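Listed below are the residues making up each chain.
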Amino acid sequence: MRVTVLGATGSVGQSTLDLIGREPGRFEVVALTGGRNVERLAADARRLRAQVAVTCHDGLLGELRDALAGSGVEARAGAAALAEAAEEPADRVVSAIVGSAGLVPGLAALRQGTTVALANKETLVCAGPLVMAEAKVHGATILPVDSEHSAVFQALTGEDPAAVERVVITASGGAFRDWPLERLARATPEEAATHPNWDMGQRITIDSASMFNKALELIETKEFFGIAPERIEAVIHPESLVHALVGFRDGALMAHLGAPDMRHAIGYALNWPDRRDLPVARLDLAKVGQLTFAAPDPARWPALGLAREVMAMGGAAGAAFNAAKEAALDLFLARRVRFTDMASIVAEVLTTMSSRDGLQNAALSLDTVLETDALARARANEAAAALAAG
Ligand SMILES: NC(=O)C1=CN([C@@H]2O[C@H](COP(=O)(O)OP(=O)(O)OC[C@H]3O[C@@H](n4cnc5c(N)ncnc54)[C@H](OP(=O)(O)O)[C@@H]3O)[C@@H](O)[C@H]2O)C=CC1
Ligand SMILES: CC(=O)[C@@H](O)[C@H](O)COP(=O)(O)O
Ligand SMILES: [Mn+2]
C-alpha cells in the first residue's frame, strides 16, 4: 500500500509511522511532510525509505537536503511542494497537519481521487461543504481519523443513515474540568497543555482544555456525516474510553469503546475496509469499573455555544471561527491574553464579521475560505488589542 503522511513529525503523524514501521514490506512510503522538525523528518524518511520528504518552510530546504544526503530521499520545501506531495499517487494520504494549514494539501489529495485518512478536523470546519463536494466530484473517499468521528463511522457501518436519531460525541473535559471557575483566568499555557488521557500535540491539548476542540468536532460531525446540529450532542466523559455513541430511531444507542490511543483510529483508516490486528491496549471492563457522564457546563466552556452559533450561520462562519480560535491560541501561548479571553475574542470576531463582513452569506470557494481565514486572524488581533486597552 502506497502511503503519504502529511504532518509526519507531529503526534498523529508519529503514531501513523509507528504503525507503518511495524509491518515492514506492507507499506510503500511515498511522501512524508513536516515543518520545523527537519531532523525527525529526515530520520523517518530515511528509516522508512520514503521517496520524498517535504518541509513547509522554504528556508529549511538546505538543512533538509543536508540531513538526507546520500539517502536517496528527495528533499523539497514550501507550500507548493507540500501540495504537490499530497498529489503524488497513493492509496492513502494521512492528513495530520495541525490547523487550517492542512486544508490546501488535503484538498489537493482529494482532487486526485485519493482516499484521505483525515485527522485535520480544520479541513471540514473551514470548508466542509466545499471539501465534501470536491471529494464527490473526484471520486475520493474521506475516512475520519479524529477518534470520535472514527467511532461514529464504525457505529454507522452497515446501518441506514435515515435511521439515525442522534450522535453523541464525548469530551474528557480537559485539564481544567474540576478547577474552580474563578481560577481559569490565571491558567498558564503549560497547565492547559496537559491532557488527562490523551498524548497529543500542544495545540489540540489546549483546545481540549478550552473545549474548542469539541466545538470544532461538533461542526466536523455536521459536515462529515450531514447530521442536523440539533441531533448532535457533546457529553463530558472524564475517562475517554467511550469515544462516541450513535442513537437510532428504535432507541438503540451504539457505543464505541477503546483505550485512548490514536493508533486505533489511524489503523482503522489505514486498514479499511478490513480490520487487522492493532497494537492497542484491550480494555478490561472489570478493572475499568465505572464510566461516568455529565452535561457540559456552558459557563466553563462557552466554546460549545459558539459552535452552535457557527453551525446556524453557515457560509464562511466555520473558517472565521477556526481562524479566530487559532489566532487567540497564538496570543494565549505568547502570554498576551488570558485563557478565558480566547472565547471572548472568538465571540467578538464572530459578532463583528457577521455584521460587517457578511460571513453567513459568503459563497464557499477556496478563495473565500482563505480570505476569511486571514481576515478573522486580523479581527482576532484587533479584539485582543481592544481587550488590553480595557
Ligand atoms: N494528536 C491527536 O491525538 C489528535 C489530533 N487530531 C488532529 O490532527 C491534526 C494534527 O494534530 P497533532 O498531531 O496533535 O499536531 P502536532 O502539533 O503534533 O503536529 C502537527 C504537524 O503539522 C506540521 N505543521 C505545523 N504547522 C504546519 C504548517 N503551517 N504547514 C504544514 N505543516 C505544519 C508539524 O510540523 P513540525 O512539528 O515539524 O513543525 C507537524 O508535523 C490536528 O488537526 C488535530 O486537531 C485529531 C484527533 C487526535
Ligand atoms: C483523540 C482525539 O480525538 C481528541 O480530539 C480528543 O477528543 C481530545 O480529547 P477531549 O475529549 O478532551 O477533547
Ligand atoms: Mn477528537
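Conventions we followed
- Residues numbered from 1 in each chain as written.
- Chains lettered and ligands numbered in written order.
- Predicted model: local features only at pLDDT ≥ 70, side-chain atom pairs only at ≥ 80, totals over all residues.
- UniProt positions renumbered as here; feature names shortened; annotations may be inferred.
- Pairing = 2+ DSSP bridges.
- Helix = DSSP H or I, 4+ residues; strand = E, 2+ residues; numbered from the N terminus.
- Near = placed C-beta within 6 Å.
- Nonpolar A, V, L, I, M, F, W, Y, C, P; charged D, E, K, R; others polar.
- Domains from an automatic or database assignment.
- Contact = placed C-beta atoms within 7 Å.

As recorded by an unreviewed UniProt entry, the chain carries the name 1-deoxy-D-xylulose 5-phosphate reductoisomerase and is attributed to Wenxinia marina DSM 24838. According to UniProt, the comment filed for the chain under the heading Function (unreviewed entry) is "Catalyzes the NADPH-dependent rearrangement and reduction of 1-deoxy-D-xylulose-5-phosphate (DXP) to 2-C-methyl-D-erythritol 4-phosphate (MEP)." The annotation that UniProt attaches to the chain under Pathway (unreviewed entry) is "Isoprenoid biosynthesis; isopentenyl diphosphate biosynthesis via DXP pathway; isopentenyl diphosphate from 1-deoxy-D-xylulose 5-phosphate: step 1/6."

Student: Could you give me a rundown of the pairing of strand β11 (residues 253-257), with the residues and numbers involved?
Tutor: The sheet contact formed by strand β10 (residues 242-248) and β11 spans five bridges and is antiparallel. Bridge pairing in β11 links A244 to H256.

Student: Could you give me a rundown of the site of ligand 2, with the residues and numbers involved?
Tutor: Neighbouring residues of ligand 2: D146, S147, E148, A171, S172, G174, W198, I204, S208, N213, K214 and M262. Only α7 (147-156), α9 (202-210) and α10 (212-225) provide two or more residues apiece to the shell around ligand 2. The class makeup of the residues in the shell around ligand 2 is four nonpolar, five polar and three charged.

Student: Give me the UniProt feature "domain: 1-deoxy-D-xylulose 5-phosphate reductoisomerase C-terminal" (unreviewed entry) in the chain: which residues, what numbers.
Tutor: Residues given the UniProt feature "domain: 1-deoxy-D-xylulose 5-phosphate reductoisomerase C-terminal" (unreviewed entry) here are residues 142-225. With 44% helix and 13% strand, residues 142-225 has end C-alpha atoms that lie 11 Å from one another.

Student: Residues and numbers for the domain arrangement of the chain, please.
Tutor: Taken domain by domain, the chain consists of domain 1 (2-144), domain 2 (149-259 + 284-288) and domain 3 (314-389). On a C-alpha basis, the centroid separation for the pair domain 1 and domain 3 is 27 Å. Between domain 1 and domain 3, the contact holds ten residues from the first and ten residues from the second. In terms of residue count, the dominant contributor to the side of domain 1 that touches domain 3 is helix α6 (residues 122-137) (seven residues). For the side of domain 1 that touches domain 3, the per-class residue count stands at six nonpolar, three polar and one charged.

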